Amino acid sequence: MTESNSSRAFRAADGSPLAWKKPVFLLLLTAIVSVIYLSLDTRFVYLLVYGWFGVIYGIFLQYGRFCMASAVRDLFAVGVPRMAVGVLIAVIIYAVISAFVQEAGVNTFNPHPLGWHILIGGTLFGLGMVVAGGCASSTLYKTGEGNLGSILVLFSISFSQAWLVSTDWFSNWIPQSWAETAAAEADTLSLVTESPGWFDQFTAGYLWQLSGTTAQDYLGLPANLFGYLLGNTFVVAVVPTLILIALLYIYNYRKMYLRQHPADNHSIAYELKGVWSMIIQSKNTAIAGLGLGVFAGLQMFVTGELREYYEIFNFGELLAEMGYTNGLSIQDTVFDPGYWYITTQEAQWAGWAMDKAGMDVSGNLFFGLENGLPSPLLNAPGMMSVGIIVGAAVIAIARKEFKWKLPNTETAILAIAGGILMGFGARIGMGCNIGAFFATVTNGDISGWIFLIGMALGGYLSVKALKAWIDWRLSKEEFDF
Amino acid sequence: MAIKIKETVKFEKLEDGKFQLDVRSYVCPHVQIYAEKALKKIGSGDEITIVFDNPSSGESIRYLCANNGDEILQDTESAGTFTWKIRKA
């Protein structure tokens, strides 16, 4: 079985040679679009870097069937640790490269403010990702596999976020203290709105009062490679990751390994071989973890270098220089994290569409002050999300796994409901499995582990609920499974 | 007799010791949850053919089989639809 797996690495899923015409055509088309952008203005290279890193992420995500939702979910649902191991590999690699990127002085990461919102957001996100059938990143790669249910999830994540940050539905529910603190920020608030909504009060009255930090900073370690590697990489990423790998091995994989490799003496070397066998058990996943870790680190480096070259802090400045001022925030900025991120740009897509439909979505801090509402054609991180879909489609078609799949009614309803929960969770927790977890724990910010605890909790509850739902449905159909 | 759940999940006994589970149009984790249930349901030595079109579920099913010692006799794929034949240990 293992042999057939490895010999299939560069073949289609059915073992035949890869299909190459359509994938090459798709890549050529993407290249032509890139050339058109560059012919309009060479400074669009900044946007294209996002897009092409997206293509690379898409290729690895589909190749490794890399789904962070399943890291948590399949562990609880069916006891499979494959994906959890893959994510942990990616975390270690990304964290090591991040330290070097920071030493090079071009690290684009900003720590997230620490607070209860991360746990709450993570839990909502975890509930949603199991219901929807995938997290924010796997929704994109599955869209590239032709899964139309995933497109529903994508719409749902996008619009639920845009709605949440611009609605005043929950304005009566917020704590008095937030309102009072937010009132003290009235000068800033009045720049975008005269009547702050609940998310504005949450942002100004709560989030702005919190602070975040990296371990290197918090522990007072020197701001050099040694400090970054020790504080950010080792303490925040490597140690928790190794502990989790050990727990996965002891409580999940070891039983199977002992049965398959009977031995009288369970020495340390024997156990380590067992751990290694767990890591390489799914080669595709391990390779994807490695690749994603490397390129996620590289993206920060390349974008950081481009910022230095153009002498900017934010893509909004470049857009303004190029004459595209529509959709910039009042600070002339747009959302431009400089690293892998997913949900905020999707909120912008929906916000832009709602704005075009005549709804007031820019009179809030989230779009009006911080992220802007650029046209999707000028949305650099948005191009990364498009790139993920393209990259996934390229490899799915090449491996003959592409298929237009219509969701059945149950899947469609769950897709929309799960997408809404993920959208709400992402806005409250300040990101998804990528922005709030993957990009933070790899840059010395422990907030990502808190998000993961929330994701695991939400995922666990959601798996229990989903299994109960399936059992109830089976019993109702008098179907003895 | 084939039993269908709202025309979406189909689990049927083809002949003695041979079963089929059709979970096309389902995504994660439904596919692997149904696969696990079906594998529990059938007897030792029985064969089951699982038909699904969500590629990532295959990874989890492969692990489930390895964990239980079930043998994957055949795993074919055609135009995005996967057909796996498994013999329960």
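Structural notes, computed from the coordinates. (Residues numbered from 1 in each chain as written. Chains lettered and ligands numbered in written order. Predicted model: local features only at pLDDT ≥ 70, side-chain atom pairs only at ≥ 80, totals over all residues. Heavy atoms only, no water.)

This brings us to the overall build of chain B. In terms of helices and strands, chain B carries two helices and six strands. Relative to the globule expectation of 12 Å for 89 residues, the C-alpha radius of gyration of chain B, 12 Å, shows essentially globular dimensions. Seen through its C-alpha atoms, chain B measures out along the principal axes to roughly 30 × 30 × 20 Å. Taking all 89 residues of chain B together, the buried fraction comes to 61%. Long-range pairs, those at least 24 residues apart, make up 55% of the contacts in chain B with a sequence separation of at least 6. On chain B, roughly 3400 Å² of surface is accessible, and the fraction owed to carbon and sulfur atoms is 44%. Between the centroid of the 13 positive side chains of chain B and the centroid of its 14 negative side chains there is a distance of 5 Å. (Helix = DSSP H or I, 4+ residues; strand = E, 2+ residues; numbered from the N terminus. Rg over C-alpha atoms; globule rule 2.2 N^0.38 Å. Buried < 20%, exposed > 50% of the residue type's maximum accessible area, 1.4 Å probe, protein only. Contact = heavy atoms within 4.5 Å. Areas by Shrake-Rupley, 256 points an atom, 1.4 Å probe, with all protein chains shown as cover. Lys, Arg positive; Asp, Glu negative; His and termini not counted. Charge placed at Lys NZ, Arg CZ, Asp CG, Glu CD.)

Here we come to the nonpolar core. The biggest cluster of nonpolar side chains holds 129 residues, and the ones touching the most others in it are Phe125, Trp340, Phe437 and Phe438 of chain A together with Ile48 of chain B. Residue contributions to this core peak at eleven residues, all from helix 5 (residues 82–103) of chain A. Discounting residues that sit within four places of it in the chain, Phe125 of chain A has contacts with Cys135, Ala136, Leu421, Met422, Gly425, Ala426, Cys432, Asn433, Phe451 and Met455 of chain A. Counting 20 residues, the second largest nonpolar core, distinct from the first, contains Phe199, Ala350, Met354 and Ile428 of chain A. (Core = buried A, V, L, I, M, F, W, Y, C linked by side-chain atoms within 4.5 Å.)

Now for the packing of aromatic side chains. Residues and elements named next belong to chain A. Counting across every chain of the model gives 41 aromatic pairs over all chains. Their ring planes at 55° and their centres at 6.3 Å tell us that Tyr339 and Tyr341 sit as a pair that is tilted. Considered together, Tyr339 and Tyr341 belong to a single accessibility category, that of buried residues. Ring geometry for Trp340 and Phe438: centres 5.8 Å apart, planes at 90°, overall edge-to-face. Of this pair, Trp340 sits in the loop between helix 16 (315–322) and helix 17 (343–356) while Phe438 sits in helix 21 (residues 433–441); the two residues are 98 residues apart in sequence, bridging distant segments of the chain. Given a relative accessible area of 1%, Trp340 falls into the buried group. (Phe/Tyr/Trp six-rings, centres within 6.5 Å; stacked < 30°, edge-to-face > 60°.)

Turning to the pattern of salt bridges, a few remarks are in order. Scanning all chains against the criterion turns up 18 salt bridges over all chains. Residues Lys403 of chain A and Asp53 of chain B are paired through a salt bridge, measuring 2.7 Å at the closest nitrogen-oxygen approach. Here Lys403 of chain A is found in the loop between helix 19 (380–398) and helix 20 (409–429), whereas its partner Asp53 of chain B is found in the loop between strand 4 (47–52) and helix 2 (55–68) on a different chain. For Asp16 of chain B, the salt bridge is made with Lys13 of chain B, and the minimal N-O distance between the two is 3.7 Å. The exposed category is assigned to Asp16 of chain B, whose relative accessible area is 69%. (Salt bridge = Lys/Arg side-chain N within 4 Å of Asp/Glu carboxyl O.)

This part covers the interface of chain B and chain A. With 42 residues of chain B at the contact, the number on the chain A side is 51 residues. Buried area between chain B and chain A, both sides added, is near 4000 Å², and the carbon and sulfur share of it is 56%. Counting across the chain B and chain A interface gives four salt bridges. Between Lys37 of chain B and Asp471 of chain A there is a salt bridge, with the nearest N and O atoms lying 2.5 Å from each other. Inspection of the region where chain B meets chain A yields 14 residue pairs in polar contact (both at pLDDT 80 or more). Put simply, the parts of the chain that give the side of chain B that touches chain A at least two residues each are strand 1 (3–5), strand 2 (9–15), helix 1 (30–41), helix 2, strand 5 (71–78) and strand 6 (81–87) of chain B. Here the side of chain B that touches chain A gets ten residues from one element, more than from any other, and that element is helix 2 of chain B. Here the residues of the side of chain B that touches chain A are counted per class, giving 19 nonpolar, twelve polar and eleven charged. (Buried area = accessible area lost by both parts, 1.4 Å probe. Polar contact = N/O pair within 3.5 Å; in protein donor to acceptor, adjacent residues only side chain to side chain. Nonpolar A, V, L, I, M, F, W, Y, C, P; charged D, E, K, R; others polar.)

Moving on to unusual backbone geometry. Among all residues save glycine, negative phi is the norm, and among peptide bonds the norm is trans. Cis rather than trans, the peptide bond between Cys28 of chain B and Pro29 of chain B has omega equal to -5°. Within the element layout of this structure, Pro29 of chain B appears in the loop between strand 3 (18–22) and helix 1. Even without a glycine there, the phi angle at Glu311 of chain A is positive, about 55°. By the element assignment, Glu311 of chain A lies in the loop between helix 15 (283–310) and helix 16. In this structure, Met430 of chain A takes a positive phi of about 65° despite not being glycine. If you trace the backbone, Met430 of chain A turns up in the loop between helix 20 and helix 21. For Met430 of chain A, a relative accessible area of 21% corresponds to the partly exposed category.

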